[in-house]
Amino acid sequence: MDEVKQPEEEYNTNTGGNGMKSNEKEKILTIKGMDCADCALRIERTVSEIPGVKRVKVSFETSTLSVTPESSAFDERILIAAVKGMGYSVETEEFFKTVTLFIEEMDCADESEIIEKKMRSQMGVRDFGIYLMSRQIKVSYDPSLISTQDMIKAVAETGMKASMVREKRARATTWWKEKRMVFLFICGVMTATAYILDRSGTAGLTARILYIGAIIIGGYYPAKIGLSALRVLTMNINTLLVIATIGAMGLDLWEEAAVLVFVYSLGSILETYTVDKARGALRALMDIVPHEALVRRNGSETVLPVEEIALGDVVIIRPGEKIPLDGKVVSGSSFVDQASITGESLPAEKKTGDEVFAGSINQRGSLEIEVTKKSVDTTLARIIHSVEESQAKKSTYQRFSERFGRYYTPAIFVLGIGVALIPPLLFGRAWSPWFYRALVVFVVSCSCGLALSVPVSVVAAISNAVRRGVIFKGGVYLELAERLRAVAFDKTGTLTIGRPVVTDIIAYRSLSQKDVLSLAASVESRSEHPLAEAIVRKAKEEGISLRRPEDFEALAGLGVKAKIDGGLYVVGNRHFILDMGISDGQIQDDISRLEKEGKTAVFLGNEQGLLGVLAIADTLRAEAKEAIGSLKGQGIKIIMLTGDNEGTARAIAEAVGVDEYSAQLLPEDKVEAIKKLKEKFGVVAMVGDGINDAPAMAVSDVGIAMGAAGTDVAMETGDIALMSDNLSMIPAMLRLSRRSIANIRQNIVASLALVAFLIPAALTGWLDLVPGLLINEVSALIVIANGLRLLRMDNRGLYGKNKRHLPYSKL
């Protein structure tokens, strides 16, 4: 993660912006001219000595140099010059371009494997990711060596068709406009007609011709994919089907060959249809945003496509219309349904200055919105991107399914050849029966069910979560959430609302409360810390004018100091005050009282000593206690980690009922605490706001970011992003993950059991060609349909009887 803030409870402050450490972003360069591993080692040693370099890794296999800067002292130009001085050429990451292509007819793992092998053979393709469920491939390439059109042509050589995603989306069409459906219909009619004629005994030659026609027409698409696989030196189930069909014709089993092709093609289309059900959830997200909007420019109103609307444009939203882009309300007030983004059950009131999201629905009044994000950067666009990218972060079950499929088809091919040849050659058995059994082995193996059962379940579960405002960034996090044994919570902004208020002001050294508030707010006016914001807000409410701070300095986890009217003042926690040589011994009773009340004490001092104390308190979230209780009911241990004082931490811990808590933690202490929890409990999650808790979230097995709808950093830092601040979504999310993994296990066991039954049955001669294929296809459809059940899991299945904080679940 490249944007990190220190935890807020430690009283960290930042001097400007969002406190982002942009210098920690990893940079990737391509090195040309490396011809041995020693070259890579030599480059690595040289680069590691460059000032400002934190980490460096050189890969000889991929010819890449990855470097993580440590400070602003890093200069990429020095690095490039150093590498070039060693005799190598350097290409920065910006040299490469990225394109996303939509692949038609990519409906099975076999097709994606064909695409994978084809792309690996293309000169100039640097890296790529294949997303089966969304039929996409994202390619990073060298434009000097290969173009987008070259890649589209390469895909066409596999028998599939590629196009730019923005130019073409998957659209539902009537069946007679789809070639596969037309071919299937003709194949079925010809097979049925030939069967009737064959049984009447009056038109043997005509029946034979009809069977051949049905085989050619119905087998066109399977043969096309099977031959494409052979071109890239691989085999798939379509290849096995072609072999089985040719074998059946060789045995003069024309009827069986035609029925075989028809049943397989029908099963393949039905499998594609059921998988499209899972894809439909993603398409529904894409269709939420209107394609055009009414924009006011230069005093006139114009309807423009959303892609042409610029930052700063004012968009007019009438009652009942969808909001096209993220923005800020500049005029009007209304209630907006944000269910499609945050999962919130009730419409949110929006007035001047409030933020709105693309895809939400304006219900009552008219709104004028100033656009703050382009169409490709909206919250909804990031949600869609996260769901698409989630296919690349695979669980162990997904990887098992892919590895199984990689070895399964070649093994079946070898087995079938062995069945056809070994008994006749070694034992003198008749050729025809054993050749037929080999064909049956091929046929019962021809199904995408096993390969699709796991990804369908994962995408269905992730799509269900998206409708509730929860983003899983991969099947791996769905699996890890199911294995969670402990969850650590941040306090401020997570268990509490995160909007602290000043409740008490204690003044010393003959100062008034107004003096203390004025000085503290003036020093804090440069800080973005929530406690600082509370102090500044309190001063403004009291009508106090702030003075300009000079020589402002922030110390992470401690506090801030600045000069006011020439005098140096410090504001921070007790550690900071003591480090500055300011004694707090005179106020022990006040501190003890505030901490017992669950309040955070912020100290103000200068060279003369302690000047005052400001007590700040936060409000507990309404659903916090109930959500914690629900998690504990699922057998999860709950821990609270905070940088706040012991008294405040104890008060909050007792109020919500956590099992353990740790107080007064610095940023590095939280990280160490997570490491110890992992040693104690195993798989651990960290829940925070995604900004201030990023280090601890990164160390945990699962980082859960709350309130991600309005925070770019939260969307990036969390492995799981909760678009709203509803804590009740966490126990619901864990129930969904457990149901999903149980469903995946069912599918894997059922698929393997099916294979374990069908292949021995084929070897023993118990199954014929057509019955074997029917059992195989029907069973595969059942397994896939079982995965699709996760799309329909309702609120009761996730929340049980508790419906107090249910999110809206319908797009």
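The structure reproduced in this document is the subject of the present report. Residue positions within a chain follow its written sequence, with the count starting from 1. Per-residue local features are limited, in this predicted model, to residues with pLDDT of at least 70; the limit for side-chain atom pairs, both in listing and counting, is 80 or more; totals at the level of whole chains, interfaces and linings are taken over all residues. Each side-chain value is worked out from all heavy atoms of the structure, with water and hydrogens disregarded.

As for the sheet that holds strand 16 (residues 361-362)
In this analysis, strands are considered paired if DSSP registers two or more bridges between them. Numbered from the N terminus, helices here are DSSP runs of H or I no shorter than four residues, and strands are runs of E no shorter than two. One open sheet holds the 3 strands; their spatial order is 14-13-16, and the pairing between them is antiparallel. Either end of the sheet is taken by a strand with one partner, and the two such strands are strand 14 (348-350) and strand 16.

Details of helix 12 (residues 396-427)
Helix span, expected: 1.5 Å multiplied by one less than the number of residues in the helix. Spanning 32 residues, helix 12 covers 43 Å between terminal C-alpha atoms, matching the ideal 46 Å at 1.5 Å per step. Burial classes follow relative accessibility: with a 1.4 Å probe on protein chains only, a residue under 20% of its type's maximum area counts as buried, one over 50% as exposed, and anything between as partly exposed. Within helix 12 the residues assigned to the buried category are Y397, Q398, S401, Y408, T409, I412, G416, G418, V419, A420, P423 and P424. Looking one or two residues past helix 12, G428 carries a phi angle of roughly 70 degrees, positive in sign.

Re the sheet that holds strand 17 (residues 367-371)
Pairing between the strands of a sheet is mediated by backbone hydrogen bonds and can be parallel or antiparallel. Read from one edge of the open sheet, 6 strands run 10-9-11-17-12-15, paired in antiparallel fashion. The open sheet has two edge strands with one neighbour each: strand 10 (300-305) and strand 15 (355-356). One ladder, built from 4 bridges, connects strand 11 (residues 314-317) with strand 17; its direction is antiparallel. Following the sheet pairing, I316 is matched in strand 17 by E368.

What about the pattern of salt bridges?
Any Lys or Arg side-chain nitrogen found within 4 Å of a carboxyl oxygen on Asp or Glu counts as a salt bridge. Scanning all chains against the criterion turns up 22 salt bridges. With a shortest N-O distance of 3.1 Å, E116 and R120 are connected by a salt bridge. Taken as a pair, E116 and R120 lie in helix 3 (residues 109-120) at a separation of 4 residues, close to a single helical turn. On the accessibility criterion, R120 (59% relative accessible area) is exposed. Note that E368 is salt-bridged to R296, the shortest N-O span being 2.8 Å. Here E368, found in strand 17, pairs with R296, found in strand 9 (residues 292-297); they are 72 residues apart in sequence, far enough to count as distant. Members of the salt-bridge network, linked through shared partners, are D198, R199 and E255.

With respect to the packing of helix 7 (residues 220-231) against helix 8 (residues 237-250)
Orientation is described by lines fitted to C-alpha atoms, with helices fitted over the stretch in contact, and by angles between N-to-C directions that extend from 0 to 180 degrees. As a packed pair, helix 7 and helix 8 sit with axes 8 Å apart at the nearest point and diverge in direction by 115 degrees. Every pair of crossing elements has a handedness; the one defined by helix 7 and helix 8 is left-handed. Side by side, helix 7 and helix 8 meet where P222, A223, I225, G226, A229 and L230 of the first sit next to N238, T239, L241 and V242 of the second. Handedness of a crossing is defined here by the sense of rotation of the near helix relative to the far one, left-handed for an anticlockwise turn of less than a right angle and right-handed for a clockwise turn. Should any heavy atoms of two residues lie within 4.5 Å, those residues are considered in contact.

Looking at the packing of aromatic side chains
Whether two aromatic rings pair depends on their centres lying within 6.5 Å, for rings of Phe, Tyr and Trp, where Trp uses its six-membered ring; planes under 30 degrees apart make the pair stacked, over 60 edge-to-face, and the rest tilted. Counted by the stated rule, this structure contains 5 aromatic pairs. Measuring from ring centre to ring centre gives 5.8 Å for F183 and Y220, while their planes differ by 65 degrees; the resulting arrangement is edge-to-face. On the criterion of sequence distance, the pair formed by F183 in helix 5 (residues 179-200) and Y220 in helix 7 is long-range, its members being 37 residues apart. Summarising the aromatic geometry, the rings of F183 and Y221 are spaced 5.7 Å apart at their centres and angled 50 degrees between planes, so their arrangement reads as tilted. On the criterion of sequence distance, the pair formed by F183 in helix 5 and Y221 in helix 7 is long-range, its members being 38 residues apart. In this structure F183 comes out as partly exposed when scored by relative accessible area, which is 26%. Residue classification places Y221 among the buried residues on the basis of a relative accessible area of 14%. By way of ring pairs, the aromatic residues F183, Y220 and Y221 are connected into one cluster.

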